[in-house]
2 protein chains.
Amino acid sequence: MKNNTNTNNMPEAEILYDLAELFKIFGDESRLKILFVLGEGEPCVEEISDKLNMSQSAVSHQLRILKTSRLIKGRRDGKRIYYSLADDHVHSIIAQGREHVEEE
Amino acid sequence: MKNNTNTNNMPEAEILYDLAELFKIFGDESRLKILFVLGEGEPCVEEISDKLNMSQSAVSHQLRILKTSRLIKGRRDGKRIYYSLADDHVHSIIAQGREHVEEE
DNA sequence: CAAACATATGAATAAGTGTTCATATGTAAC
DNA sequence: GTTACATATGAACACTTATTCATATGTTTG
């Protein structure tokens, strides 16, 4: 038996770090909005910035962050790059958050 | 015509704001550690700061943030205040995040 | 080639945040 | 009351971060 039996559920340092980094990504309104827009289709950068009233540069900066975190992916077609959600985790993580926020 | 975000799945502004605020709470290693410790029992402030090698003041500041977000609750017994998770959402939100982080 | 268009990127700035330090509040024992 | 203990709180500081502005990169068309 190990010395310390009370910290079984504490993740390893690297997991903990990654987890905090992941939630930081979701902890910004602009990025959340972008993720919701991507949940509805596969928009290009211009469409995103138009819909959200954000500058092209601001959107592009945030897209880079989202892509680095592997939450979204981009597909180039000509001059445009079309972005979409990378997997279903985005949906489920946000859904869990909404349950807490929309409660009562 | 008013310029608004009339997309189907986009939450209302207030929900969006609250959602970002919620994820900001999770987006910090110290707070995550505290939440994991609370997941294992009902520690007092001193126990938390001992386990996590954080100062009493730092822990107390973070506990206030977590309590304000209704993620944890405190129960006073004498000089000590014992903290615990407020509901199951904490578990499920973190679990979803871990699935993404621990993947591959 | 050049021009026009879509997107990315670097630097600067302003706003936000977590910790520390010092101190205050609350509680129990004497 | 006063002393000791447990926790909370305010201010200051260092650090992070989202946006803006200017510019660069990549792509298509003429």
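Residues numbered from 1 in each chain as written. Chains lettered and ligands numbered in written order. Predicted model: local features only at pLDDT ≥ 70, side-chain atom pairs only at ≥ 80, totals over all residues. Heavy atoms only, no water.

Caption draft 1: Layout of the packing of aromatic side chains. Scanning all chains against the criterion turns up 3 aromatic pairs over all chains. Summarising the aromatic geometry, the rings of A:Phe23 and B:Phe26 are spaced 5.2 Å apart at their centres and angled 45° between planes, so their arrangement reads as tilted. Taken together, the positions of A:Phe23 in helix H1 (residues 13-26) and B:Phe26 in helix H1 (residues 13-26) put the pair across two chains. By the burial criterion, A:Phe23 is buried, and B:Phe26 matches it. Among the aromatic side chains, those forming a connected cluster through ring pairs are A:Phe23, A:Phe26, B:Phe23 and B:Phe26. (Phe/Tyr/Trp six-rings, centres within 6.5 Å; stacked < 30°, edge-to-face > 60°. Helix = DSSP H or I, 4+ residues; strand = E, 2+ residues; numbered from the N terminus. Buried < 20%, exposed > 50% of the residue type's maximum accessible area, 1.4 Å probe, protein only.)

Caption draft 2: Fine view of the protein's contact with DNA strand D. Close to DNA strand D lie 25 residues; A:Ser30, A:Ser57, B:Ser57, B:Ser60 and B:Tyr83 are nearest. Residue B:Gln56 places a side-chain N or O atom 2.8 Å away from a base nitrogen belonging to DNA strand D. In the model, a phosphate oxygen of DNA strand D is placed 2.6 Å from a nitrogen or oxygen of the B:Ser60 side chain. Breaking the surface near DNA strand D down by element, the ones donating at least two residues are helix H2 (29-38) and helix H4 (56-68) of chain A together with helix H3 (45-52), helix H4 (56-68) and strand S2 (80-85) of chain B. Broken down by class, the residue content of the surface near DNA strand D amounts to 6 nonpolar, 10 polar and 9 charged. (Near = heavy atom within 4 Å. Polar contact = N/O pair within 3.5 Å; in protein donor to acceptor, adjacent residues only side chain to side chain. Nonpolar A, V, L, I, M, F, W, Y, C, P; charged D, E, K, R; others polar.)

Caption draft 3: View of the pairing of S2(B). All names here are of chain B. Of the strand pairs in this sheet, strand S1 (residues 72-77) and S2 are connected by 6 bridges, and their pairing is antiparallel. Residue pairing for S2: Arg75 is matched across the bridge by Tyr82. Joining the antiparallel neighbours S1 and S2 is a turn of 2 residues, in which Gly78 adopts a positive phi near 70°. (Pairing = 2+ DSSP bridges.)

Caption draft 4: Expanded view of the packing of helix H5 (residues 89-101) of chain A against helix H5 (residues 89-101) of chain B. Viewed as axis vectors pointing N to C, H5(A) and H5(B) meet at an angle of 170°, and their least axial separation amounts to 9 Å. As the angle between them shows, H5(A) and H5(B) are arranged roughly antiparallel. When you trace H5(A) past H5(B), the crossing you get is left-handed. Across from A:His89, A:Ser92, A:Ile93, A:Gln96, A:Gly97, A:Glu99 and A:His100 in H5(A), the residues of H5(B) making contact are B:His89, B:Ser92, B:Ile93, B:Gln96, B:Gly97, B:Glu99 and B:His100. Looking at the contact of H5(A) with H5(B), its residues break down into 2 nonpolar, 10 polar and 2 charged. (Axes fitted to C-alpha atoms, helices over the stretch in contact; angles between N-to-C directions. Parallel < 35°, antiparallel > 145°, perpendicular 65-115°, else oblique. Left-handed = near helix turned anticlockwise from the far one by under 90°. Contact = heavy atoms within 4.5 Å.)

Caption draft 5: Broad picture of the pattern of salt bridges. All names here are of chain B. Under the criterion given, the structure shown has 8 salt bridges over all chains. Here Glu21 and Lys24 are joined by a salt bridge, their closest N and O atoms 3.0 Å apart. With Glu21 and Lys24 both in helix H1 and 3 residues apart, this pair spans about one turn of that helix. Residues Glu42 and Arg75 are paired through a salt bridge, measuring 2.9 Å at the closest nitrogen-oxygen approach. You can see Glu42 sitting in the loop between helix H2 (29-38) and H3 and its partner Arg75 sitting in strand S1, a full 33 residues away along the chain. Since its relative accessible area comes to 34%, Glu42 is described here as partly exposed. (Salt bridge = Lys/Arg side-chain N within 4 Å of Asp/Glu carboxyl O.)

Caption draft 6: Fine view of the nonpolar core. If you look at the biggest cluster of nonpolar residues, it comprises 59 residues, and the most contacted ones within it are A:Phe26, A:Ile72, B:Phe26 and B:Ile72. Non-local contacts of B:Ile72, meaning those with residues more than four positions away in its chain, are made with B:Leu35, B:Leu38, B:Leu63, B:Leu66, B:Lys67, B:Tyr83, B:Ser84, B:Leu85 and B:Ala86. (Core = buried A, V, L, I, M, F, W, Y, C linked by side-chain atoms within 4.5 Å.)

Caption draft 7: Looking closely at the protein's contact with DNA strand C. Around DNA strand C, the structure places 25 residues, and the nearest of them are A:Ser60, A:Tyr83, B:Ser30, B:Arg31 and B:Ser57. Taking all atoms of DNA strand C within 4 Å of the protein, the share assigned to sugar and phosphate is 65%. Measuring from a base oxygen of DNA strand C, one finds a side-chain N or O atom of A:Ser57 at 2.7 Å. Contact between DNA strand C and A:His61: a base oxygen at 2.8 Å from a side-chain N or O atom of the residue. Only helix H3 (45-52), H4 and strand S2 (80-85) of chain A together with H2 and H4 of chain B provide two or more residues apiece to the surface near DNA strand C.

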